[in-house]
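# Summary of the model geometry
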Amino acid sequence: MKPNIRNNKILVGILAALGCEFLYGYSFIFTKSVSGDSSVMTLLGWRFFIAFVVLNLFVLFGIVKINLRGKRLAPLFILAFFDPILYYLCETIGIQYTTASESGIIIALIPITTILCTILILKEKPTRFQVTGILIAISGVLMIVLYKGMQTSLSVVGYLFLFAAVLSFSLYSVFARKATEFTDIEKTWFMICSGALF
């Protein structure tokens with residue numbers, strides 16, 4: 001691969017990751033702001049219906065390619081169960097019972113629990129780079145919360161749902177790595193379709 005093409009792909013990847021994190025971060029505030037007016041299932045229903053329509057338009061126009069013929073679908077059903085179904089259900093309910101800052105802090109534990117699940121299930125040790133990245137991410141969240149001040153809900157139900165979301169996403173991450181026969185877009189497509197159907 002030519003250096004310019006490789007650099008462009010890296011830049012696109014970085015910009016996509018930043019855009020994703022920006023939208024993901026604001027999703028807590030948005031979910032919290034509309035949670036009093038809409039039910040959990042209504043929020044999730046619209047979220048996944050729109051994603052389903054957009055992604056399938058990409059498939060229809062050949063922008064993304066999906067080929068599941070001859071592949072065993074059991075790994076995809078496991079992924080879809082952990083994320084989006086269990087993860088988003090628990091996260092959305094948890095956000096309704098807690099504050100946006102509490103939700104953000106608890107969800108920020110995902111990298112730590114993912115590393116723990118990777119050690120326990122895949123028997124892999126984390127690299128120094130991974131540990132450093134996790135520590136930087138957690139430090140950033142804590143700095144923002146301490147600077148802005150944190151409101152607490154002291155909702156045990158909310159905390160339990162958020163911790164369940166953290167665990168389900170971590171298990172999804174581990175099983176996604178094991179589902180090597182599928183491309184990333186195939187996994188994403190199946191998950192979006194499952195979320196919309198659910």
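Above this text is the structure in question.
The following paragraphs examine the structure supplied in this document. (Residues numbered from 1 in each chain as written. Predicted model: local features only at pLDDT ≥ 70, side-chain atom pairs only at ≥ 80, totals over all residues. Heavy atoms only, no water.)

### Description of the overall build of the protein chain
A count of helical and extended segments in the protein chain gives eight helices and zero strands. Mapped from its N terminus to its C terminus, the protein chain presents α and β elements in the order α-α-α-α-α-α-α-α. Scaling as 2.2 N^0.38, a compact globule of 198 residues should have a C-alpha radius of gyration of about 16 Å, and the protein chain matches this with 18 Å. Its C-alpha atoms put the protein chain at 50 × 40 × 35 Å along the principal axes. Across the 198 residues of the protein chain, 33% fall into the buried class. Expressed as a percentage of contacts within the protein chain between residues at least 6 apart in sequence, the contacts between residues at least 24 apart total 86%. Just so you have it, the protein chain exposes about 12700 Å², and 72% of that area is on carbon and sulfur atoms. The centroid of the 16 positive side-chain charges in the protein chain is displaced by 10 Å from the centroid of its 9 negative side-chain charges. (Helix = DSSP H or I, 4+ residues; strand = E, 2+ residues; numbered from the N terminus. Rg over C-alpha atoms; globule rule 2.2 N^0.38 Å. Buried < 20%, exposed > 50% of the residue type's maximum accessible area, 1.4 Å probe, protein only. Contact = heavy atoms within 4.5 Å. Areas by Shrake-Rupley, 256 points an atom, 1.4 Å probe, with all protein chains shown as cover. Lys, Arg positive; Asp, Glu negative; His and termini not counted. Charge placed at Lys NZ, Arg CZ, Asp CG, Glu CD.)

### Section: the packing of aromatic side chains
One pass over the structure, following the stated rule, counts eight aromatic pairs. Each ring, one from F77 and one from F190, has its centre 5.0 Å from the other, and the planes form 85 degrees; the classification is edge-to-face. A residue pair is termed long-range when its members are at least 10 positions apart, and F77 in helix 3 (residues 74–97) and F190 in helix 8 (residues 184–197) qualify at 113 residues. Of the residues examined, F77 reaches a relative accessible area of 52% and is grouped as exposed. Here the aromatic residues F48, Y87, Y88, F169 and Y172 are joined through ring pairs into a cluster of three or more. (Phe/Tyr/Trp six-rings, centres within 6.5 Å; stacked < 30°, edge-to-face > 60°.)

### Remarks on the side chain of E186
Within the element layout of this structure, E186 appears in helix 8. Residue E186 is classed as buried on the basis of its relative accessible area of 3%. Here K71 takes part through its side chain, which lies 2.9 Å from a polar atom of the side chain of E186. Leave out the neighbours within four places in its chain, and E186 touches K65, I66, N67, L68, K71 and E181. (Polar contact = N/O pair within 3.5 Å; in protein donor to acceptor, adjacent residues only side chain to side chain.)

### Some remarks on the nonpolar core
Formed by 17 residues in total, the largest nonpolar core has its most connected members in Y87 and I107. Elements that contribute at least two residues to this core include exactly helix 2 (40–60), helix 3, helix 4 (100–107) and helix 7 (156–178). No other element matches helix 3, which puts five residues into this core. Within the second largest apolar cluster, 14 residues are counted, among which are L68, L79, C117 and A179. (Core = buried A, V, L, I, M, F, W, Y, C linked by side-chain atoms within 4.5 Å.)

### Points about the packing of helix 2 against helix 8
Two elements in contact, helix 2 and helix 8, have axes separated by 8 Å at closest approach and are oriented at 140 degrees. When the interaxial angle is binned, helix 2 and helix 8 end up oblique. Here the hand of the crossing between helix 2 and helix 8 comes out left-handed. Across the interface between the two elements, F48, F49, A51, F52, L55, N56 and V59 from helix 2 touch I185, T188, W189, I192, C193, G195 and A196 from helix 8. When the residues that make up the contact of helix 2 with helix 8 are grouped by side-chain class, the tally is eleven nonpolar, three polar and no charged. (Axes fitted to C-alpha atoms, helices over the stretch in contact; angles between N-to-C directions. Parallel < 35°, antiparallel > 145°, perpendicular 65-115°, else oblique. Left-handed = near helix turned anticlockwise from the far one by under 90°. Nonpolar A, V, L, I, M, F, W, Y, C, P; charged D, E, K, R; others polar.)

### A short note on the environment of S38
Within the element layout of this structure, S38 appears in the loop between helix 1 (3–34) and helix 2. Apart from the residues within four sequence positions on either side, S38 is in contact with L43 and Q96.

### Things to note about the state of the cysteines
Considering all chains together, one arrives at zero disulfides under this definition. A disulfide-free cysteine, C20 has its sulfur positioned 19 Å from the sulfur of C193, the nearest such atom. For C20, a relative accessible area of 44% gives the class partly exposed. With no disulfide of its own, C90 lies closest to C117 among cysteine sulfurs, the gap being 14 Å. (Disulfide = S-S within 2.5 Å.)

### Description of the environment of L116
With respect to the helices, strands and loops of the structure, L116 is situated in helix 5 (residues 110–122). A relative accessible area of 47% places L116 in the partly exposed class. Linking L116 and L171, residues 55 residues apart in sequence, is a C-alpha distance of 9.9 Å.

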